[in-house]
Amino acid sequence: MEKAIKKYWPIFVLPTLAAFSIGFIYPFLQGLYLSFCKFITIDNATWNGIKNYLYAFTDEAFLHSFFFSAGFTIVSTLLINVIAFAIALALTRNIKGTNLFRSVYFLPNLIGGIVLGYIWQILINCALALLEKPLLAVNPTFGFWGLIILMCWQQIGYMMIIYIAGLQSIPSDYLEAARIDGANEWQILTKVKIPNVMPSITICLFLSVTNGFKLFDQNLALTAGEPGHMTEGLALNIYDTFYGRVGPQWKGYGQAKAVIFCVLVIVISLIQLRATRSKEVQQ
Amino acid sequence: MKKKLLSLILAGAMLLSLGACSSEQAPAEKPAETPAAPVETPAAPATPAAPTETPAAPEAKGEVYYLNFKPEADEQWKALAKAYTDETGVPVTIVTAASNTYEETLMSEMAKSNPPTMFHVNGPIGLLNWSDYCLDLSGSDLYGELTSDGYALKNGDEVKAMAMAIESYGIIVNKTLLAEAGYSIEDITNFESLKAIAEDITARSSELGFAAFSSAGMDGSSNWRFQTHLANLPIYYEYEADGINSTEAIKGTYLDNYKNIFDLYINNSTCAPAELSAKTGDDSRNEFLNKQAVFFQNGSWEYANLVGEGLFTDDDLAMIPIYIGVEGEENQGICAGTENYWCVNSQASEDNIKATLDFMYWCVTSETGLNGMCVDMGFVLPFAKGLEATNLFMRQNDEMAKAGKTPVRWDFPTIPGQTWKDNLATALTAYTAGTGDWDGVVSSFVDGWASEYAAMA
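Residues numbered from 1 in each chain as written. Chains lettered and ligands numbered in written order. Predicted model: local features only at pLDDT ≥ 70, side-chain atom pairs only at ≥ 80, totals over all residues. Heavy atoms only, no water.

Now for the overall build of chain A. Across its full length, chain A carries twelve helices and two strands. In terms of overall dimensions, chain A has a C-alpha envelope of 70 × 70 × 30 Å along the principal axes. A burial count over chain A gives 42% of its 283 residues as buried. Summarising the internal contacts of chain A: among those between residues at least 6 apart in sequence, 70% fall at separations of at least 24. A total of about 15400 Å² of accessible surface is found on chain A, and carbon and sulfur atoms cover 70% of it. (Helix = DSSP H or I, 4+ residues; strand = E, 2+ residues; numbered from the N terminus. Buried < 20%, exposed > 50% of the residue type's maximum accessible area, 1.4 Å probe, protein only. Contact = heavy atoms within 4.5 Å. Areas by Shrake-Rupley, 256 points an atom, 1.4 Å probe, with all protein chains shown as cover.)

Here it is as structure tokens:
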């Protein structure tokens, strides 16, 4: 069997490699090239040098959207993971109806971001109207917190499943040994459970950090960046740059922003991966 | 044994995924498939290889691919394309971009190996992006059919695009409700009389059971009625006063009038101004349909929605001009114009260009074509053989023109792009909600105009 794999590995790798090249590597390289161009259609581009990048780095709206995305990512990552982990702890204690709870918490994840965005827009606007506060379209503070609530609602169930899987894979003799040694619940949590679920934490942090930066459809549906780009994340800003104005240079500006965005997300998630990986322990 | 079973399953899964790959890739060669998932309606076989079903196809060399702008006319275009294919054997593919995604869809379709041969631009500003792709139509038979040069978009002597449908907008009135309030449309002759009637209805709204205006929703599905169509009036009057037809720096001479009419809308509405920011286009229409409001600012394209459910007949409805308090406006008509311009893709093959021009000519001259466009789709054509309008609001436009009223030209296609409109909408929304003031609106109207024109350069 192993011999066969050694012999035939290219056949097994080929489909995925081909898909990856067609679907990722080629478009990425083309995108990189286009970020130095002016264009209307992608096969008819003219070279524009680094002007696109100069514009992207001096655009205030882009800078604002970076800080908006960064703030959003920090808050949403913390909230989602803390709550998801707490629920996972609660649902690994053999309470009655555990399976029902797990399914129900997971359900919001099955609804698409655009639909969720519109549903929450109606809900939050109703609440704001009752409180006689300005509605979402003119209220950047609630726009931000609305997005946080929406993302928590959508993501907590998903992260919870990953944490449950991690918690269940801790060998029960570890926990038993800790109890015999007289550890209390808090000590078991911090000294045994958390170190052993570090791989899950790595995955969940990675997912929520990248989701936070890549936030697009929820952002578009809930606030569309209103009022005046105040609640606009990076991805939505790129989209607006690309389609909001007339002229070939704007496509180039949008493309340059997209490349910066891509590099930024990769760098931040690599740092995060390295930081959490180093805390993982061997079972 | 177990291992063998596992490897069998894995291999099966791999085969399945390969199968999925190939089935996804196969239709990608058809011109109609886009990642943006527009409504795909291949009305004809994609290749001329199937004329067995259709009667003789003597010289069907080229083919037509039309990227349609109007989702409401998708089915009718599909039927018309089929009729053309049956008659001539030339395959016609109709693809309709989903609402509000035309530019995106066009951009991705144009980059394909089989791009649209026939597409839309929305006016002089929209043409800037696509000018290089527009065939000069000045020598075409189609251009000979155009009733006025005003319906052509020109670049020097070259005719880059031609209007394909004329539309109108104004304030749609529920005459029955207006009569209940004790007025008739003859009482409304200028801004003063409109304001007096609207405010009287508001004062008696609890007794009457309806409001003057349906909600001026500032949601994205409705705000174009104010940041584009209503904004056309101050732009039009300024252009008229200055004797120009476009400008890179607007002065905002008539912005006080814009404020008057907008204030009238939001203060005499079905809901409090602060709630308008979340109201949608559907909300506004439904209020009008449910007889909760007398006035509803919208256009001739709403006609089918209003009479379609049998709630209204032509006797209940009328369209009146949007009066903003400009001197001499008693003689103002409704806003008539177009933002639907046909272009032919100059980069298409010669056969396809010829097939496309023939198809367009057939659409606006043959009996079947005219029936499809004027009756089924309800368009009023700017072409010589166009049929009489079936749409009440377009008929009214004709009547007003005959009565000597001056229609308001559509000058909003000279607005410098979507960003200007979005920023104006943001300022208007803040104004309605009380979080911003009118100065913000003026600034995004005037300063925004200059900076957006500068950004286009």
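From this point on, the discussion continues.
Under the criterion given, the structure shown has 22 salt bridges over all chains. Salt-bridge contacts for glutamate 185 of chain A lead to arginine 93 of chain A; the nearest nitrogen and oxygen are separated by 3.7 Å. Residue glutamate 185 of chain A is located in helix 8 (residues 185-196), and its partner arginine 93 of chain A is located in the loop between helix 3 (60-90) and helix 4 (98-106); the two are separated by 92 residues in the primary sequence. The class for arginine 93 of chain A is exposed, based on a relative accessible area of 53%. As a salt-bridge pair, glutamate 145 of chain B and lysine 385 of chain B come within 3.5 Å of each other at their nearest N and O atoms. On the criterion of sequence distance, the pair formed by glutamate 145 of chain B in helix 5 (residues 141-145) and lysine 385 of chain B in the loop between helix 15 (367-376) and helix 16 (392-402) is long-range, its members being 240 residues apart. Taking the relative accessible area as the measure of exposure, glutamate 145 of chain B reaches 10% and is therefore buried. Of the residues examined, lysine 385 of chain B reaches a relative accessible area of 41% and is grouped as partly exposed. Sharing partners across several salt bridges, the network here consists of Arg93, Arg179 and Glu185 of chain A. (Salt bridge = Lys/Arg side-chain N within 4 Å of Asp/Glu carboxyl O.)

Before going further, it helps to examine the interface of chain A and chain B. On the side of chain B, 31 residues touch chain A, which itself brings 29 residues to the contact. When residues of chain A are sorted by the area they lose upon contact with chain B, Ile40, Val138 and Val246 of chain A head the list and together hold 25% of the total. Summed over the shared surface of chain A and chain B, the number is one salt bridge. Here arginine 245 of chain A makes a salt bridge to glutamate 452 of chain B, at a shortest N to O gap of 2.6 Å. Only helix 1 (2-34), helix 5 (113-130), helix 11 (234-244) and helix 12 (248-277) of chain A provide two or more residues apiece to the side of chain A that touches chain B. Per-class residue counts for the side of chain A that touches chain B are 16 nonpolar, nine polar and four charged. (Buried area = accessible area lost by both parts, 1.4 Å probe. Nonpolar A, V, L, I, M, F, W, Y, C, P; charged D, E, K, R; others polar.)

Here the focus is the side chain of asparagine 232 of chain B. Examined against the element boundaries, asparagine 232 of chain B turns out to sit in helix 10 (residues 232-242). A distance of 2.9 Å separates a polar side-chain atom of asparagine 232 of chain B from the backbone nitrogen of phenylalanine 412 of chain B. (Polar contact = N/O pair within 3.5 Å; in protein donor to acceptor, adjacent residues only side chain to side chain.)

A common way to report how large an interface is uses the accessible area buried once the components associate. Residues and elements named next belong to chain B. When cut into domains, chain B gives domain 1 (33-166 + 338-376) and domain 2 (168-337 + 399-456). Counting residues at the interface gives nine residues for domain 1 and nine residues for domain 2. Both faces considered, domain 1 and domain 2 share a buried interface measuring about 730 Å² in area, 63% of it formed by carbon and sulfur atoms. Taken together, the connections running from domain 1 to domain 2 amount to zero salt bridges. One can count zero residue pairs in polar contact (both at pLDDT 80 or more) joining domain 1 with domain 2. Here the residues of the side of domain 1 that touches domain 2 sort into five nonpolar, three polar and one charged. (Domains from an automatic or database assignment.)

Residue and element names in this part refer to chain A. Locating serine 35 in the fold gives a position in the loop between helix 1 and strand 1 (37-38). Polar contacts involving the side chain of serine 35 include one to the side chain of tyrosine 53, which spans 2.7 Å. Excluding residues that lie within four positions of it along the chain, serine 35 makes contacts with Asn52, Tyr53, Gly252, Gln255, Ala256 and Val259.

By size, the foremost hydrophobic cluster in this structure holds 65 residues, and its most contacted members are Tyr258, Phe295 and Phe445 of chain B. When sequence neighbours within four positions are dropped, the list of residues in contact with tyrosine 258 of chain B reads Phe226, Gln227, Leu230, Ala231, Pro234, Leu424, Leu428, Trp438, Val441 and Phe445 of chain B. (Core = buried A, V, L, I, M, F, W, Y, C linked by side-chain atoms within 4.5 Å.)

Once that is clear, we can look at the confidence of the model for chain B. In regions of low pLDDT, the predicted coordinates are not meant to be interpreted in detail. Residue and element names in this part refer to chain B. Counting all residues, the mean pLDDT for chain B is 84, and 87% of those residues have values of 70 or more. Overall, residues 14-57 carries pLDDT values under 50, and its contacts beyond four positions in sequence, including any with other chains, amount to 52 contacts. Both scores are available for the predicted complex, with the pTM at 0.81 and the ipTM at 0.81. (pLDDT = per-residue confidence, 0-100.)

Once that is clear, we can look at the packing of aromatic side chains. Summed over the entire model, instances satisfying the criterion amount to 52 aromatic pairs over all chains. Measuring from ring centre to ring centre gives 5.0 Å for tryptophan 250 of chain A and tyrosine 253 of chain A, while their planes differ by 85 degrees; the resulting arrangement is edge-to-face. Here tryptophan 250 of chain A pairs with tyrosine 253 of chain A, and both are found in helix 12, just three residues apart, close to one helical turn. Residues tryptophan 250 of chain A and tyrosine 253 of chain A agree in their burial class; the two are buried. Aromatic side chains tyrosine 236 of chain B and tyrosine 237 of chain B sit 5.2 Å apart centroid to centroid with 70 degrees between the ring planes, which places their arrangement in the edge-to-face category. Through a chain of ring-to-ring contacts, three or more aromatic side chains come together here, namely Phe213, Phe226, Tyr258, Phe262, Tyr265, Phe295, Trp420, Tyr431, Trp438, Phe445, Trp449 and Tyr453 of chain B. Here arginine 245 of chain A stacks its cationic end above the ring of tryptophan 250 of chain A, 4.4 Å away from the centre of that ring. Sitting over the ring of phenylalanine 242 of chain A, lysine 251 of chain A keeps its end group 5.5 Å from the ring centre. (Phe/Tyr/Trp six-rings, centres within 6.5 Å; stacked < 30°, edge-to-face > 60°. Lys NZ or Arg CZ within 6 Å of the ring centre and 35° of its normal.)

Residues and elements named next belong to chain B. In strand 4 (residues 118-121), alternate side chains face the same way, and those of Met118 and His120 on one face and Phe119 and Val121 on the other are all buried. Across four bridges, the pairing between strand 4 and strand 12 (residues 341-344) is antiparallel. Residue pairing for strand 12: histidine 120 is matched across the bridge by tryptophan 342. (Pairing = 2+ DSSP bridges.)

Residue and element names in this part refer to chain A. Following glutamate 226, the chain continues into proline 227 via a peptide bond in cis, with omega recorded as -10 degrees. Tracing the backbone through its elements, the reader meets proline 227 in the loop between helix 10 (217-222) and helix 11. Even without being a glycine, glutamate 132 presents a positive backbone phi close to 55 degrees. Its location among the elements puts glutamate 132 in the loop between helix 5 and helix 6 (140-168). Residue glutamate 132 is classed as exposed on the basis of its relative accessible area, which comes to 73%. Even without being glycine, alanine 224 reaches a positive phi, approximately 50 degrees. Mapped onto the elements of the fold, alanine 224 is located in the loop between helix 10 and helix 11.

We now examine the environment of proline 199 of chain A. With respect to the helices and strands, the residue proline 199 of chain A is situated in helix 9 (residues 198-214). Along the backbone, proline 199 of chain A and isoleucine 114 of chain A are 85 residues apart, and their C-alpha atoms lie at a distance of 31 Å.

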